[in-house]
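Geometric and topological summary
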Amino acid sequence: MIEALRRHSRPILLSGLGLAALAILVRLFWPGAGTIFEVALLVGTGLGLVGAAGILLPVGDVPDAPVREVHPPVTGRWLALNSPATRVPSHGTRGYGQSHAIDLVYDPLPEEGHGTRPEFGAGPGMRPAEDYPAFGQPVLAMVTGTVVRVTDGTRDHRSRTKIWSVAYLFAEAAFRDLAGPSAVLGNHVVIDAGDGSFALVAHLVKGSVAVRVGDRVEAGQQIGRCGNSGNSTEPHVHAHLMDRPDATAARGLPLRFTGIRVDDGPPTAGVPENGKHLTTT
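I will try to describe carefully the structure that is included in this document. Since the model is a prediction, treat every value here as computed from it, not as a measurement.

Cut-offs applied
- Residues numbered from 1 in each chain as written.
- Predicted model: local features only at pLDDT ≥ 70, side-chain atom pairs only at ≥ 80, totals over all residues.
- Heavy atoms only, no water.
- Core = buried A, V, L, I, M, F, W, Y, C linked by side-chain atoms within 4.5 Å.
- Buried < 20%, exposed > 50% of the residue type's maximum accessible area, 1.4 Å probe, protein only.
- Helix = DSSP H or I, 4+ residues; strand = E, 2+ residues; numbered from the N terminus.
- Contact = heavy atoms within 4.5 Å.
- Salt bridge = Lys/Arg side-chain N within 4 Å of Asp/Glu carboxyl O.
- Pairing = 2+ DSSP bridges.
- Polar contact = N/O pair within 3.5 Å; in protein donor to acceptor, adjacent residues only side chain to side chain.

So, the nonpolar core
Core analysis: the largest hydrophobic core is formed by 32 residues, its most contacted members being W78, M142, V189, I191, I223 and F257. Looking at this core, the elements that each hand over two or more residues are strand 2 (77–81), strand 3 (102–106), strand 6 (187–192), strand 7 (198–204), strand 10 (237–242) and strand 12 (255–262). The contacts of M142, once residues within four sequence positions are left out, are V70, H71, P73, A199, L200, V201, A219, A239, H240, L241 and F257. Formed by ten residues, the second largest nonpolar core is a distinct cluster that contains V190, F198, A202 and M242.

Notes on the pattern of salt bridges
Tallied over the entire structure, the rule returns eight salt bridges. D243 is paired through a salt bridge with R244; the nearest N and O atoms lie 3.0 Å apart. For D243, a relative accessible area of 16% translates into the label buried.

Focus on unusual backbone geometry
Residue V88 is joined to P89 through a cis peptide bond whose omega torsion reads 0°. Mapped onto the secondary structure, P89 falls in the loop between strand 2 and strand 3. A positive phi angle, close to 60°, is found at Y96, a residue other than glycine. A relative accessible area of 8% places Y96 in the buried class.

Observations regarding the pairing of strand 10
With six of six residues buried, strand 10 lies mostly within the body of the structure. In this sheet, strand 10 lies alongside strand 3 in antiparallel orientation, the contact comprising three bridges. What sits directly across from L104, in strand 10, is V237. Where strand 7 meets strand 10, five bridges bridge the pair, whose relative direction is antiparallel. By the bridge assignment for strand 10, V201 is matched with A239. Bridging between strand 10 and strand 11 (residues 252–253) involves two bridges; their strand directions are antiparallel. Within strand 11, the residue paired with M242 across the bridge is G252.

Concerning the environment of F120
Summarising the element assignment, F120 is placed in the loop between strand 3 and strand 4 (138–140). Residues F120 and K162, 42 residues apart in the sequence, show an inter-C-alpha distance of 6.6 Å. With sequence-adjacent residues up to four places away left out, F120 is seen in contact with R160, T161, K162, I163 and V166.

Digging into the side chain of S229
Here S229 shows up in the loop between strand 9 (222–225) and strand 10. Here N187 takes part through its backbone nitrogen, which lies 3.0 Å from a polar atom of the side chain of S229. Dropping the residues within four chain positions of it, S229 is found in contact with T154, R155, D156, L185, G186, N187, H203 and L204.

Topic: the environment of R176
Turning to its location among the elements, R176 is positioned in helix 4 (residues 163–179). Classification of R176 by relative accessible area gives buried; the value is 14%. When the C-alpha atoms of R176 and G230 are compared, they prove to be 7.9 Å apart, with 54 residues separating the residues in sequence. In contact with R176, other than residues within four places in its own chain, are H157, A183, V184, G230 and N231.

Listed below in structure tokens is the structure:
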């Protein structure tokens, strides 16, 4: 029952808001509609409250979930942000199955010749996504499995990289959350690993997804390119594992990347902490 409410919370909330708005319009243009107005407003308000409660319901963890080893979703040198190695839930919420999610920002060394990542607060607060070296970088499948969800039509917006533009992002986020996972995650791909886990990568470039639902993919296969779609401050790759394909009702699962180095360390399997670099080997 709780999972069903969480899954349908946004349609319920939007239906309630719509009904309440209709009731108010009826009252404005038909002053004598006493009973109809009162019933519609009451029902609409009730649906809105139920839907809002569903969105805010806490999402638990999977008890004793094993840490699954997965292929890194990127190649090269990437900075870890919002990492589960630093805290869980890593993004401050368990919603959308992202309790153990990680954000990776491409941060190549100057000698690599791929450009320099603009610092937060430097220059305009809303830069074109193309100003970032992460934009357009290949994004890889973390697991071998079957593609079960694809979103590929969300636009790539400008960065939100000053205090005022981040505040604007927070205002945007409220509306994105009402619209559901596709608005929050932007262009994304979900792959069924066949072991009870589902791998998600998000914020891909519009039109870059190279797979479709039903395709069989191999870990390490390119499935898209890094973009700035959805709820994103700058081009980056968001990656996480969850226990079902529907992010609305999913619970997060722990992961670690194989074949990486953390900063200047030896080859390992793990997840870098916030502020440390993951480099693929």
